[in-house]
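Descriptive structure summary
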Amino acid sequence: MRNHNITTYPFSAIVGQEKMKKALVLNLINPRVGGVLIRGEKGTAKSTAVRALANLLPEIEVVEGCKFKCNPDNRNELCEECLEKLKAGSLRVSPVKMKVVDLPVSATEDRVVGTLDIEHAIKTGEKRFEPGVLAMAHRGILYVDEINLLDDHLVDVLLDSAAMGVNTIEREGISYSHPATFVLVGTMNPEEGELRPQLLDRFGLCVDIRGISDVARRVDLIKYRLSYEADPEAFAANWQAAETELCVQILNAKQLLPGVRISDEMLELISQICVDMGVDGHRADLTMMKASITLAAFNGRTDVLEGDVKEAAELVLSHRMRRKPFDPHSDKQDKLDESIEKHREKQKEKEKEKNKQEQQKQEYNQNPEKPQEHPEKHQPDNTQNQTEGQPDASSETIFAMGESYQVKQLAPEFLRASRNGSGRRSKTLTGSKKGRYIKSSIPHEKITDLAFDATLRAAAPFQLTREKNGNSIAIHESDFRKKIREKKIGNLVLFVVDASGSMGARQRMVASKGAVLSMLMDAYQKRDKVGLIAFKGDSAELLLPPTSSIELAQKYLQEMPTGGKTPLSRGLLKGYEVMKAEIQRNPDTCPFMILISDGRANVSMNGESPIQETKIVASRLREEGIQSAVIDTENSMVKFGLAQQISTALGAKYLALEDLKSDSIVDAVRASAPFEIRSLSGGFSV
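Below: a short report on this structure. (Residues numbered from 1 in each chain as written. Predicted model: local features only at pLDDT ≥ 70, side-chain atom pairs only at ≥ 80, totals over all residues. Heavy atoms only, no water.)

Observations regarding a nonpolar patch on the surface
Among the surface-exposed residues, Leu-221, Ile-222 and Leu-226 lie close enough to one another that they form a single nonpolar patch of about 290 Å² accessible area. Assignment of secondary structure puts Leu-226 in helix H9 (residues 215-230). Leu-226 gets classed as exposed once you look at its relative accessible area, which sits at 54%. (Patch = residues over 30% accessible without salt bridge, like charges linked within 9 Å, V, L, I, M, F, W, Y side chains within 5 Å. Areas by Shrake-Rupley, 256 points an atom, 1.4 Å probe, with all protein chains shown as cover. Salt bridge = Lys/Arg side-chain N within 4 Å of Asp/Glu carboxyl O. Helix = DSSP H or I, 4+ residues; strand = E, 2+ residues; numbered from the N terminus. Buried < 20%, exposed > 50% of the residue type's maximum accessible area, 1.4 Å probe, protein only.)

Concerning the packing of helix H13 (residues 283-298) against helix H14 (residues 306-316)
Here H13 crosses H14 at 130°, and the two axes come no closer than 8 Å. The pairing of H13 with H14 is recorded here as oblique in orientation. Regarding H13 and H14, the two cross each other, and that crossing is right-handed. Mapping the contact onto sequence places Ala-284, Thr-287, Met-288, Ala-291, Ser-292, Leu-295 and Ala-296 in H13 and Asp-308, Val-309, Glu-311, Ala-312, Ala-313 and Val-316 in H14. Counted by class, the contact of H13 with H14 contains nine nonpolar, two polar and two charged residues. (Axes fitted to C-alpha atoms, helices over the stretch in contact; angles between N-to-C directions. Parallel < 35°, antiparallel > 145°, perpendicular 65-115°, else oblique. Left-handed = near helix turned anticlockwise from the far one by under 90°. Contact = heavy atoms within 4.5 Å. Nonpolar A, V, L, I, M, F, W, Y, C, P; charged D, E, K, R; others polar.)

Remarks on unusual backbone geometry
Backbone phi values are negative for most residues with the exception of glycine, while trans is the configuration of most peptide bonds. Despite not being glycine, Arg-139 has its phi angle at roughly 65°, a positive value. For Arg-139, the location among the structural elements is in the loop between helix H6 (133-136) and strand S7 (141-144). Taking the relative accessible area as the measure of exposure, Arg-139 reaches 19% and is therefore buried. Even without glycine at this site, Glu-146 takes up a positive phi of about 55°.

Quick word on the nonpolar core
Within the largest apolar cluster, 64 residues are counted, with the highest numbers of intra-cluster contacts made by Phe-11, Ile-273, Met-288 and Leu-317. The element contributing the most residues to this core is H13, with eight residues. In this structure, Ile-273 is in contact with Met-288, Val-309, Ala-313, Leu-317, Leu-336, Ser-339 and Ile-340, ignoring residues within four places of it in sequence. If you look at the next biggest cluster of nonpolar residues, it comprises 38 residues, including Val-63, Ala-137, Leu-142 and Leu-200. (Core = buried A, V, L, I, M, F, W, Y, C linked by side-chain atoms within 4.5 Å.)

Regarding the packing of aromatic side chains
Inspection of every chain in the model, using the stated rule, returns six aromatic pairs. Centroid distance Tyr-9 to Tyr-228: 5.0 Å. Interplanar angle 75°. Geometry classified as edge-to-face. Within this pair, whereas Tyr-9 is found in the segment before helix H1 (18-29), its partner Tyr-228 is found in helix H9, the two being separated by 219 residues in sequence. Exposure remark for Tyr-228: the relative accessible area of 11% places this residue in the buried category. Aromatic pair Tyr-9 and Phe-235: ring centres 5.3 Å apart, planes at 35°, arrangement tilted. Residue Tyr-9 is found in the segment before H1, and its partner Phe-235 is found in helix H10 (residues 232-238); the two are separated by 226 residues along the sequence. Just as Tyr-9 is buried, Phe-235 falls in that class too. Here the aromatic residues Tyr-9, Tyr-224, Tyr-228, Phe-235 and Trp-239 are joined through ring pairs into a cluster of three or more. (Phe/Tyr/Trp six-rings, centres within 6.5 Å; stacked < 30°, edge-to-face > 60°.)

Written out as structure tokens, the structure is:
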């Protein structure tokens, strides 16, 4: 909760970031726009703008004493307690300032949605709801910094509540609902990982921001900040006129909003833009319509113009266009302008057709006996390049990337009961309170996460014989049950790729790169770390240490050189060393190694048979509990089956190159689950 006694930096004094400010104002006028996601660099006034936005508007009227700040002017927005006050005639009104509620990344589900007051339930036998963050944010602004680092199920809860305006809690044997209408503002740095597309699409607006490049405006920013820090009250007073003007404009827009109408022509333009931009589903169309109407109201009009639709499109489509993480950036503004121009041409054709029909009608009325020519039906222009905006496959360095494909869910499970971390791939039990409550158990140590519902069930059979000492329920320590929680974490996917001359056949390396690219795309969405090792000549090189930057992994994969001998044992040993170091750095790491090779090792580290040496290294990896898969690239008429032998030594899933499809890769990872990773505290030599 913000302290409004401190003078807030004025919203109107923020230099630049006009799109961000416009997106925030639109959500303030019409929360049904669906919130705003702000992506970009640190230090670009994101949090300053949100705080200033709440301070911009006058106080709102709420039901006095209501923990949800219910709206006394709308019966449909009253909670159960306020409805009872309304019936009893005891409902009183008081003014409060709109609040900005921060949601920390470390918040638990109970903290977000609310929970049961356990102490009250034990003493009185009554169920009392203890409000969470969503209740505090009702009729205000919910600000989530680094929302991409928040657990997925919490993001789901936030977006559901923002869309429906209601928070429903079903847990601990109770069901409770309360109003939760708020402006959702999320910020993130894309370099730290994206939101998955399903969640990204549910944000109404999105703005990509960066620092101001104009020197004069940066100087203004510095001067404004120095003036504010020297005397906040005087600085705010200098901007009061601009703040009041913007406040009046917003309040007028809120009143005007219900009367704004949008024509069929503008609806056609909206749909035309969405089709041309290649967005999925229909949420973009609906959100663009709402944003266009809100823009018209903000500009003091009751009709939507083409300019409103264009401005709305820039805010609605920026996060819905790129379907794959490695698609090259296209000029979205040019595509938007082309789409609008196409719509204009269609409208001109319709107008010409209408005028022609009117002219023919007049000619017929003047001379009804003259035969009439039937106008040709308007044929759509099919010459539009349907592949516009697709990636240019001709860009290649050594070998082009093979065709990528969608992989299915890769979700190995890890047995250790207390594994921390974040991600979206593998389910694991966790000792923290951030996971989802799935069941209960009898505790063997001090409880920090009591399963109240299970505890009550354990105590229920003994209530007739126990002394209650004034309490409604008698609970003994033997009744206590603790919550078992589950969460998702990411994996470390380490690619060990054969870059020797035996991989030089074009189609083999192209197909191999296509497989790795497909896995990278899946890792991008699951918040996995990835690493890339290439072995050729006499050595194995870590091209890319474990990182969350999938774009960087794709770059190194594309530029990976090929040629020389096959030091396969060095490649496996390098993979072991990388995973050992990563696990020592973070014991919660969940590594999975994928070896891509034909298995024709011909370089030894110690003078032994290269194949035998490779099998020895592979066996040690298996003993250390390293899970892996081997993709055999051998495709000659006479097959030696060396990669399959190495796969057996590794205890890995074996796949032939021709079987390298999404289902096969998924099976390879699923076959490894569940498993336990050893400490890898030592090393080994060959």
